[in-house]
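Survey of secondary and tertiary structure
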Amino acid sequence: MRANTNLLWLLAGFFALVTVAYIIWGLVDPHQHSIEWAGTFALALSSVFVSFVAFYLSRVHGAQGGELPEDRLDANVDDGDPEVGFFSPWSWWPILLAASAALLFLGLAIGFWISIIALGVGVICLIGWVYEYYRGNFAR
């Protein structure tokens, strides 16, 4: 995380430097002779927002006290591989649930009555996915 924080501070400094160069370039341009506010504001806010993220990550790193595997030179690839959880390998419910979510948003764009149908299908798919291991071949 320390490497990420340092890169973000470097990026914030780059945006600040580019903002100053952009202001100077606008002032010395023979056709303009003024500051172009939209670009200046966008570049300055980019610097500020990247600084916010860098400050937050540096505070989190200081509060955790530990080093991430990416920051250690003696770390292996497997050190940064956490347990993600259990996933059903042959389950069709997530695909059906995603299709009902797509149908729900399609209904919001086209006609509200489609959203009502999609909501019913989504509830059925969610219940099927939750209770998948209580019935059938994979019951426990």
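Calculation notes
Residues numbered from 1 in each chain as written. Predicted model: local features only at pLDDT ≥ 70, side-chain atom pairs only at ≥ 80, totals over all residues. Heavy atoms only, no water. UniProt positions renumbered as here; feature names shortened; annotations may be inferred. Helix = DSSP H or I, 4+ residues; strand = E, 2+ residues; numbered from the N terminus. Expected span 1.5 Å × (residues − 1). Buried < 20%, exposed > 50% of the residue type's maximum accessible area, 1.4 Å probe, protein only. Arc of directions from axis to C-beta. Contact = heavy atoms within 4.5 Å. Axes fitted to C-alpha atoms, helices over the stretch in contact; angles between N-to-C directions. Parallel < 35°, antiparallel > 145°, perpendicular 65-115°, else oblique. Left-handed = near helix turned anticlockwise from the far one by under 90°. Nonpolar A, V, L, I, M, F, W, Y, C, P; charged D, E, K, R; others polar.

If you look the chain up in an unreviewed UniProt entry, it shows as Cytochrome c oxidase polypeptide 4 from Cryobacterium breve. Turning to the chain, the UniProt record has this under Subcellular location (unreviewed entry): "Cell membrane". The UniProt entry for the chain carries the following comment under Function (unreviewed entry): "Part of cytochrome c oxidase, its function is unknown."

1. Quick look at helix 4 (residues 112-130)
Taking 1.5 Å per residue, 19 residues should reach 27 Å; helix 4 reaches 27 Å between its end C-alpha atoms and fits that length. I114, S115, A118, G122, C125 and G128 are the residues of helix 4 that are buried. One side of helix 4 holds all its buried residues, which, seen down the axis, span an arc of 140 degrees. Of the residues in helix 4, the exposed ones pointing more than 90 degrees away from the buried face are F112, W113, I116, L119 and I124. Those residues of helix 4 that are buried lie in contact with helix 3 (93-109).

2. Considerations on the side chain of S47
Note on placement: S47 falls in helix 2 (residues 37-64). In contact with S47, not counting residues within four places along its chain, are A12, F15 and A16.

3. Section: the packing of helix 1 (residues 2-28) against helix 2
To describe two helices that pack against each other, one gives the angle between their axes and the distance between the axes. Taken N-terminus to C-terminus, the directions of helix 1 and helix 2 make an angle of 160 degrees; their axes are 8 Å apart at the nearest point. Taken together, the axis directions place helix 1 and helix 2 in an arrangement best described as roughly antiparallel. Every pair of crossing elements has a handedness; the one defined by helix 1 and helix 2 is left-handed. Here the contact of helix 1 with helix 2 is built from residues that sort into 16 nonpolar, 9 polar and 1 charged.

4. Here's the deal with unusual backbone geometry
Not every positive phi belongs to a glycine, and H33 is a case in point at roughly 55 degrees. Residue position: H33 is located in the loop between helix 1 and helix 2.

5. Describing the UniProt feature "transmembrane region" (unreviewed entry) in the chain
On the UniProt side, "transmembrane region" (unreviewed entry) is annotated at positions that read residues 7-25, 37-57, 92-110 and 116-134 here. For residues 92-110, helix accounts for 89% and strand for 0%, while the C-alpha atoms at its two ends are 27 Å apart. Within the segment residues 116-134, helix and strand shares are 79% and 0% respectively, and the terminal C-alpha atoms sit 28 Å apart.

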